[in-house]
Amino acid sequence: MGVLNVTPDSFSDGGPFLESGAAIDQGRRLVEAGAGVIDVGGESTRPGAAPVTENDERRRVIPVVEALAAAGLVVSIDTMKPGVAAEALAAGAEIVNDVGGLVDPAMRETVTGAGVVIMHMQGTPRTMQIDPTYADVVEEVTGWLATRAKQAEAAGVRPQSICLDPGIGFGKTVDHNLSLLARLDRLVELGYPVAIGVSRKAFLGRLIGVEDPTQRDLVSAVAAGLAVERGAAVIRAHDVAGTCQAVLVAEATLGARTWS
Ligand code: HH2
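Reading guide: rules and limits
Residues numbered from 1 in each chain as written. Predicted model: local features only at pLDDT ≥ 70, side-chain atom pairs only at ≥ 80, totals over all residues. Heavy atoms only, no water. Helix = DSSP H or I, 4+ residues; strand = E, 2+ residues; numbered from the N terminus. Rg over C-alpha atoms; globule rule 2.2 N^0.38 Å. Buried < 20%, exposed > 50% of the residue type's maximum accessible area, 1.4 Å probe, protein only. Contact = heavy atoms within 4.5 Å. Lys, Arg positive; Asp, Glu negative; His and termini not counted. Charge placed at Lys NZ, Arg CZ, Asp CG, Glu CD. Salt bridge = Lys/Arg side-chain N within 4 Å of Asp/Glu carboxyl O. Phe/Tyr/Trp six-rings, centres within 6.5 Å; stacked < 30°, edge-to-face > 60°. Lys NZ or Arg CZ within 6 Å of the ring centre and 35° of its normal. Disulfide = S-S within 2.5 Å. Near = heavy atom within 4 Å. Polar contact = N/O pair within 3.5 Å; in protein donor to acceptor, adjacent residues only side chain to side chain. Areas by Shrake-Rupley, 256 points an atom, 1.4 Å probe, with all protein chains shown as cover. Patch = residues over 30% accessible without salt bridge, like charges linked within 9 Å, V, L, I, M, F, W, Y side chains within 5 Å.

## Quick word on the overall build of the protein chain
Phase 1: Across its full length, the protein chain carries 10 helices and 8 strands.
Phase 2: The C-alpha atoms of the protein chain give a radius of gyration of 17 Å, which matches the 18 Å a tight globule of 260 residues would have.
Phase 3: With the C-alpha coordinates aligned to their principal axes, the bounding extent of the protein chain is approximately 40 × 40 × 40 Å.
Phase 4: A burial count over the protein chain gives 52% of its 260 residues as buried.
Phase 5: In the protein chain, the proportion of contacts linking residues at least 24 apart, taken out of those at least 6 apart, comes to 64%.
Phase 6: Treating the 22 positive side-chain charges of the protein chain as one cloud and the 32 negative ones as another, the clouds have centres 1 Å apart.

Right, dumping it as structure tokens:
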């Protein structure tokens, strides 16, 4: 899943794709680099980010979704707003990626015919990194996602259309993120495909002492390969080419691909 942020303030790629034409070109480049899905977002969810109005978010994402879907690409819409999700689906998006975890009943009703990524977040983007606290992060996040998945199914979402994401960096310390990755098997055991977004995130920067998010692509690819090795089915990434190489090596060394 290639990241396409149509925002002025995303933490690693805010700005260059705010204009629709530039965003559409970038979407095409991500697919050429190997992405199977383009995840279009119009509101940054970086820690401390200010919310965007529904109208502004629509104006940013809908023309991009429409153009990419019309070109035959698989588009997911990264939004917490049911109104934006509905319009994006009407414009040709096939998947709704809700970092709010489908907690909003209106969102559950909106996505019944679509693919969904249900992501865990503690708090809101504005407050989530102030003092994230868990008794047992792995059990709490896994249990929360299992409940959200059942709630989505009860609302009419098809079980085979659901993907779960532990929300790396969303209300989590470095150690919380590492625990979730170390015990990804717990989430995989639930039986839904698991999505992981580690790309360029701050916890990787803290591990290697690199401030600039765009200089974290190598470690992001390493973490993506390890997540695949632990059962992740979807990787959300900015550097799609490098990530595809890492995933290919992970799959090959698992025996999931053969060469001769
Ligand atoms: N991470 C971000 C945004 N959306 N969706 C899912 N399912 N999983 C993630 O880990 C995830 C996500 C944050 O990254 P990015 O889009 O690059 O930044 P920003 O929120 O600043 O636009």
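## A short note on the pattern of salt bridges
Phase 1: Under the counting rule described, the total for this entry stands at 13 salt bridges.
Phase 2: Where D9 meets R46, a salt bridge forms, and the shortest distance between an N and an O atom there is 3.1 Å. One end of the pair, D9, is in the loop between β1 (2-5) and α1 (20-32); the other, R46, is in the loop between β2 (38-41) and α2 (54-70), with 37 residues separating them in the sequence.
Phase 3: Judged by relative accessible area, R46 falls into the partly exposed class, the value being 26%.
Phase 4: Two residues, R200 and D217, come together in a salt bridge whose shortest N-O distance is 2.8 Å. Residue R200 is located in the loop between β7 (195-196) and α8 (202-208), and its partner D217 is located in helix α9 (residues 217-229); the two are separated by 17 residues in the primary sequence. By the burial criterion, R200 is buried, and D217 matches it.
Phase 5: Among the ionic contacts, a cluster of salt bridges with common partners joins D39, D78 and R236.

## Quick word on the packing of aromatic side chains
Phase 1: Throughout the structure, instances matching the rule amount to 0 aromatic pairs.
Phase 2: The ring of W144 has R148 sitting right over it, with the charged end atom 4.7 Å from the ring centre.

## Thoughts on the state of the cysteines
Here, the word disulfide means a covalent bond between the sulfur atoms of two cysteines.
Phase 1: Scanning the entire structure with this criterion turns up 0 disulfides.
Phase 2: Of all cysteine sulfurs, the one in C244 lies closest to C163, which takes part in no disulfide; the gap is 16 Å.
Phase 3: Its relative accessible area of 8% is what places C163 among the buried residues.
Phase 4: For C244, a relative accessible area of 30% translates into the label partly exposed.

## Notes on the site of the ligand
Phase 1: In the vicinity of the ligand lie 18 residues, with S10, S44, T45, D165 and K201 positioned nearest.
Phase 2: The separation between an oxygen atom of the ligand and a polar main-chain atom of R46 is 3.5 Å.
Phase 3: Separating an oxygen atom of the ligand from a side-chain N or O atom of H238 is a distance of 2.7 Å.
Phase 4: Contact with the protein chains hides 98% of the accessible area of the ligand, taken as 480 Å² for the molecule alone.
Phase 5: At the level of elements, β1 and β5 (115-119) are the ones that each hand at least two residues to the shell around the ligand.

## Let's talk about a nonpolar patch on the surface
Phase 1: On the surface, L178, L207 and I208 cluster together into a nonpolar patch covering about 240 Å² of accessible area.
Phase 2: Locating L207 in the fold gives a position in helix α8.

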